[in-house]
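Chain by chain, the residues run as shown.
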Protein chains: 2
Amino acid sequence: MRQDILKELLHPNEKKIVLLVIDGLGGLPAVKGGKTELETARTPNLDFMAAAAECGLHLPVGFGITPGSAPGHLALFGYQPTEYPVGRGVVAAMGIAFPMRAGDVAARVNFATCDESGRIIDRRAGRIATEICGRLCDLLGAVSIPGVEVFVRPVRDYRAVVVFRGEGLSDHVEDTDPQAVGVEAYDPKPTSEKGIKTADVAREFVRQSLVLLKDRHPANAILLRGFAELPHVPSMAERFGLHPVALAVYPDYKGVSRLVGMDAIDGLKDLNDQAEALKQYWNQYDFFFVHHKYADSRGEDGDFPAKVAEIEKVDAFVPQIMSRQPDVLIVTGDHSTPAVMKSHSYHPIPFLIYGQNTRPDDVTEFGERPCAKGMWGIIPGAMLIQLALAYADKLIKYGA
Amino acid sequence: MRQDILKELLHPNEKKIVLLVIDGLGGLPAVKGGKTELETARTPNLDFMAAAAECGLHLPVGFGITPGSAPGHLALFGYQPTEYPVGRGVVAAMGIAFPMRAGDVAARVNFATCDESGRIIDRRAGRIATEICGRLCDLLGAVSIPGVEVFVRPVRDYRAVVVFRGEGLSDHVEDTDPQAVGVEAYDPKPTSEKGIKTADVAREFVRQSLVLLKDRHPANAILLRGFAELPHVPSMAERFGLHPVALAVYPDYKGVSRLVGMDAIDGLKDLNDQAEALKQYWNQYDFFFVHHKYADSRGEDGDFPAKVAEIEKVDAFVPQIMSRQPDVLIVTGDHSTPAVMKSHSYHPIPFLIYGQNTRPDDVTEFGERPCAKGMWGIIPGAMLIQLALAYADKLIKYGA
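Just so we're clear, the structure is a prediction, and the values are computed from it rather than from any experiment.

1. Notes on the overall build of chain A
Next up, step 1: Counting its secondary structure elements, chain A contains 14 helices and 13 strands.
Next up, step 2: Taking 21 Å as the expected radius of gyration for a compact globule of 400 residues, we find that chain A reaches 22 Å, a close match to that expectation.
Next up, step 3: Each principal axis of the C-alpha atoms in chain A carries an extent, and together these give about 65 × 50 × 40 Å.
Next up, step 4: A separation threshold of at least 6 residues defines the contact pool for chain A, and within that pool the share at least 24 residues apart is 74%.

Written out as structure tokens, the structure is:
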């Protein structure tokens, strides 16, 4: 749908849409002929909703494409991800609500451990605590590069973010993280002429940082990745007439939410907090993005039963959403993370969409194979929001 | 499919395609867990065809988008509707075969009743008869505006159309119809600078009309809506190599047919007339658009059983089509009109397509849920015509 046309059809109202994202929801059977994580999980509430809803599978980016977290979520927020490439640095900066400006370049920072010869021996510096990470970031505040402002901020554990601000910067710079131990960090190489200045800035930042961190073992080195500029993404208010809020625990998901103009509530620690926030903010917003991270985490761990358990936790949470009586509920994932693969994957993700006027199909169980027989078949992830707008009566008729 | 590529594949022949449109066909169950109108209807002939055909659902405009009548039909004629926006005024003018020219601006006219203070008390003038409407349109022929030709023509009952012809006109003008009683008609406001002249013309037209209609109670006022310019739409002959004809009762559907270069047979009053016309014109055309309006009308009335009855009437008509032995038959709707919603809706519409070489799926009943399990899943409405061309052997192989 052309955005200018969609915009003319927008008819904002008070009706409430809840998007419940079970991160990495899609999966695979642990043994050939077996069931997936979701099919294995006891999910009476999701099954009940599936029976009342329209079901299908969605592809966030495209056929065969494995989505990162940011593209997966952008799709669910209604943006074709390939039109809005978002680098990891920007996601990290947005996640901690750092106020990036146009022209800024952000990169993810890992504190790491190197040996005396400069070889990386731990890419996560023994997973130092967030408090230590914060003190190290303060320390790096002493870095001084002529003509460039440098901001270093903690994210979580060993992860931080650096933002460079100045004239002529660009994200055309390669990662310094070698993604392996026993080797030295890479030199920040420009990928085009536009990246030369930023690569020089990054190199100087690393040089001064190593001096400052010399005696801070295990955090005596840094690795940079995901150099990224702020993309221009029209807000969900502008594009869909929605007033959205993110109820997410993890910074990165608040980050991608803020990128599309969502408010993001800070300080939420678990599903109970999220349920409480849903109640508290119910009258202030009309779109609620509720995010549960750990299905993905356990999938990445390769822990099939633990992923099943996380899905069951979300299932038990569903009645708390339904008690608010949302006009539209979508339940889905941002990508698949099959435990047997220990990584994100390209598999389409099951979804259900429920509303007053949904036309039920024959699906009575929320799972990959049942949803594959749902009425929507496989659709682009970014289309879900249009369906939600329709079912919430937020779109008028097109044409005479 | 890019049109320039499709055009190179066109291979016109004598084979006959029939597109049977049951207006507003798609529906919803009247009670949760129940059947839709189509699923409720006894449709032995459509079920028989569904068993022999390929089935699926189509979306005329896009996900979540509720199609108006014109876009819904444009999609079925093979045009992505968002590429060809058609205003209500143009649909009305085409419907009565008024020969619009490039640059003309048309608007729908409702004769209405106002009280002494000028407030609208009946937006349809007591639903005056078409004959009276015709005499009133003749009366308005006396309107004289310097530099602009004005044509006023009756459509049906209290509905008419006005066409303004002159230099520098545009459809950037808002409706004067307040869509409510107890208030005065709006002043015709321009929506951009381009609309200023036309708004002035419309204002003068209304002023003179009110004088002429002063003693014509209940038709002593007029309301204008859907100001529209003629869009350029390539004909179905040009685009698909077809020689098409419309067998429709209602003017609006003849209108949208003429817009794509179809001949439209006048004077048809019901399905019997349409069957007769099918026989009469069988050798003169290769594409027959047969339209039945009343499933939509009863859906808009919220009358579930009456909509069911209309669908059953069409079912009984199907053998008359099949007795002509069409090479390809498509049966579908232009949009959904669930009786429970009393309006057009965004739900995908079931279709069946039958031909010599269709590959039957397992669908044996023509309905929303059975078709959702059909082999095509959900496809864009504008693709149906390509399938029809293929099944009628009107497309050659692409590439070596």
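2. Structural notes on the environment of B:Ala70
Next up, step 1: Looking at where B:Ala70 falls in the secondary structure, it is placed in helix α4 (residues 69–76).
Next up, step 2: With residues up to four places along the chain from it excluded, the contact list for B:Ala70 reads A:Ala400, B:Val86, B:Val91 and B:Val256.

3. A short note on the pattern of salt bridges
Side chains that differ in sign of charge can pair as their charged atoms come close.
Next up, step 1: By the definition in use, this model includes 35 salt bridges over all chains.
Next up, step 2: Residues B:Arg2 and B:Asp4 are paired through a salt bridge, measuring 2.7 Å at the closest nitrogen-oxygen approach.
Next up, step 3: Close ionic contact of B:Lys313 with B:Glu310 constitutes a salt bridge, the shortest N to O distance being 2.9 Å. In this pair, B:Lys313 and B:Glu310 are both assigned in helix α12 (residues 304–322), three residues apart and thus about one turn of the helix distant.
Next up, step 4: The exposure class assigned to B:Glu310 is buried, which follows from its relative accessible area of 7%.
Next up, step 5: Put simply, A:Arg123, A:Asp177 and A:Arg225 are held in one network by salt bridges that share partners.

4. Considerations on the environment of B:Glu276
Residues and elements named next belong to chain B.
Next up, step 1: Its location among the elements puts glutamate 276 in helix α10 (residues 271–281).
Next up, step 2: By relative accessible area, which is 47% here, glutamate 276 ends up partly exposed.
Next up, step 3: Sequence separation of glutamate 276 and valine 105 is 171 residues, and the distance between their C-alpha atoms is 36 Å.

5. Things to note about the relation of the copies chain A and chain B
Next up, step 1: For the pair chain A and chain B, the best superposition has an RMSD of 0.3 Å and corresponds to a rotation of 124 degrees with a translation of 0.3 Å parallel to the axis. Read as a symmetry element, the transformation amounts to a three-fold axis. Among all C-alpha atoms of chain A, that of A:Gly377 lies closest to the rotation axis, at 3.4 Å.

6. Details of the packing of helix α3 (residues 44–52) of chain B against α12(B)
All names here are of chain B.
Next up, step 1: Interhelical geometry of α3 versus α12 gives an angle of 55 degrees and a closest axis separation of 7 Å. Here α3 is positioned oblique relative to α12, judged by the angle of their axes. For the pair α3 and α12, the contacting residues are Pro44, Asn45, Leu46 and Met49 in the first and Asp315, Ala316, Val318, Pro319 and Met322 in the second.
Next up, step 2: For the contact of α3 with α12, the residue count by class is seven nonpolar, one polar and one charged.

7. Let's talk about the sheet that holds strand β1 (residues 17–22) of chain A
Residues and elements named next belong to chain A.
Next up, step 1: Strand order in the open sheet formed by eight strands is β9-β8-β10-β1-β11-β12-β2-β13, with mixed pairing between adjacent strands. Among the strands making up the open sheet, the edge pair consists of β9 (263–264) and β13 (378–380).
Next up, step 2: Of the strands in this sheet, β1, β2 (54–59), β10 (287–292) and β11 (328–332) touch helix α4 (residues 69–76), which is tilted by about 155 degrees from β1.

8. Considerations on the pairing of strand β5 (residues 149–156) of chain B
All names here are of chain B.
Next up, step 1: Examined bridge by bridge, β5 and strand β6 (residues 159–165) share seven bridges and lie antiparallel to one another. Pairing of arginine 153 across the sheet is with valine 161, part of β6.
Next up, step 2: Where β5 hands over to β6, the hairpin turn is made up of two residues, of which aspartate 157 adopts a positive phi near 50 degrees.

9. Some words on the sheet that holds strand β13 (residues 378–380) of chain B
All names here are of chain B.
Next up, step 1: As summarised here, the arrangement of the eight strands in space is β9-β8-β10-β1-β11-β12-β2-β13, forming an open sheet in which the pairing is mixed. Lying at the two open borders of the sheet, with one neighbouring strand each, are β9 (263–264) and β13.
Next up, step 2: With three bridges connecting them, strand β2 (residues 54–59) and β13 associate as parallel partners. Pairing of histidine 58 across the sheet is with isoleucine 379, part of β13.
Next up, step 3: Relative to strand β1 (residues 17–22), α12 is tilted by about 170 degrees, and along the sheet it contacts β1, β10 (287–292), β11 (328–332) and β12 (349–355).

10. With respect to the interface of chain A and chain B
Next up, step 1: Taken residue by residue, the interface counts 28 residues in chain A and 32 residues in chain B.
Next up, step 2: Between chain A and chain B lies a buried interface of about 2500 Å² when both sides are counted; carbon and sulfur atoms form 62% of it.
Next up, step 3: Area buried by chain A at its contact with chain B is led by A:Arg359, A:Tyr398 and A:Ala400, which between them contribute 33% of it.
Next up, step 4: Applying the counting criterion to the chain A and chain B interface returns ten residue pairs in polar contact (both at pLDDT 80 or more).
Next up, step 5: Elements with a contribution of two residues or more to the side of chain A that touches chain B: α1 (3–9), β13 and α14 (384–391) of chain A.
Next up, step 6: Broken down by element, the side of chain A that touches chain B gets its largest block of residues, four residues, from α14(A).
Next up, step 7: When grouped by side-chain class, the residues that make up the side of chain A that touches chain B number 16 nonpolar, six polar and six charged.

11. Quick notes on the packing of helix α5 (residues 88–95) of chain B against helix α9 (residues 251–259) of chain B
Residues and elements named next belong to chain B.
Next up, step 1: At a minimum axis separation of 6 Å, α5 and α9 run at an interaxial angle of 95 degrees. By the angle between their axes, α5 is roughly perpendicular relative to α9. Residues Val90, Val91, Ala92, Met94 and Gly95 of α5 lie in contact with α9, whose contacting residues are Pro251, Asp252, Lys254, Gly255, Arg258 and Leu259.
Next up, step 2: Here the residues of the contact of α5 with α9 are counted per class, giving six nonpolar, two polar and three charged.

12. Focus: α5(B)
A turn of α-helix holds 3.6 residues, and therefore any two residues three or four places apart point the same way.
Residue and element names in this part refer to chain B.
Next up, step 1: The buried count for α5 comes to seven of eight residues, which makes it a mostly enclosed element.
Next up, step 2: Residues of α5 that are buried include every one of Gly89, Val90, Val91, Ala92, Ala93, Met94 and Gly95, and no others.
Next up, step 3: Buried residues belonging to α5 abut α4, β3 (105–114), β6, β7 (221–229) and α9.
Next up, step 4: Looking one or two residues beyond α5, the residue adopting positive phi is alanine 97, at roughly 60 degrees.

13. Some thoughts on the pairing of strand β12 (residues 349–355) of chain A
Residue and element names in this part refer to chain A.
Next up, step 1: Counting buried positions over the seven residues of β12 gives six, a clear majority of the element.
Next up, step 2: Summarising the sheet, β2 and β12 pair through five bridges and their orientation is antiparallel. Note that in β12 the partner of histidine 58 across the bridge is isoleucine 349.
Next up, step 3: The sheet contact formed by β11 and β12 spans four bridges and is antiparallel. Paired with valine 328 across the strands is glycine 355, a residue of β12.

What counts and how
- Residues numbered from 1 in each chain as written.
- Chains lettered and ligands numbered in written order.
- Predicted model: local features only at pLDDT ≥ 70, side-chain atom pairs only at ≥ 80, totals over all residues.
- Heavy atoms only, no water.
- Helix = DSSP H or I, 4+ residues; strand = E, 2+ residues; numbered from the N terminus.
- Rg over C-alpha atoms; globule rule 2.2 N^0.38 Å.
- Contact = heavy atoms within 4.5 Å.
- Salt bridge = Lys/Arg side-chain N within 4 Å of Asp/Glu carboxyl O.
- Buried < 20%, exposed > 50% of the residue type's maximum accessible area, 1.4 Å probe, protein only.
- Least-squares fit on C-alpha atoms with pLDDT ≥ 70 in both.
- Axes fitted to C-alpha atoms, helices over the stretch in contact; angles between N-to-C directions.
- Parallel < 35°, antiparallel > 145°, perpendicular 65-115°, else oblique.
- Nonpolar A, V, L, I, M, F, W, Y, C, P; charged D, E, K, R; others polar.
- Pairing = 2+ DSSP bridges.
- Buried area = accessible area lost by both parts, 1.4 Å probe.
- Polar contact = N/O pair within 3.5 Å; in protein donor to acceptor, adjacent residues only side chain to side chain.

Distances and angles like these do not, on their own, reveal function.
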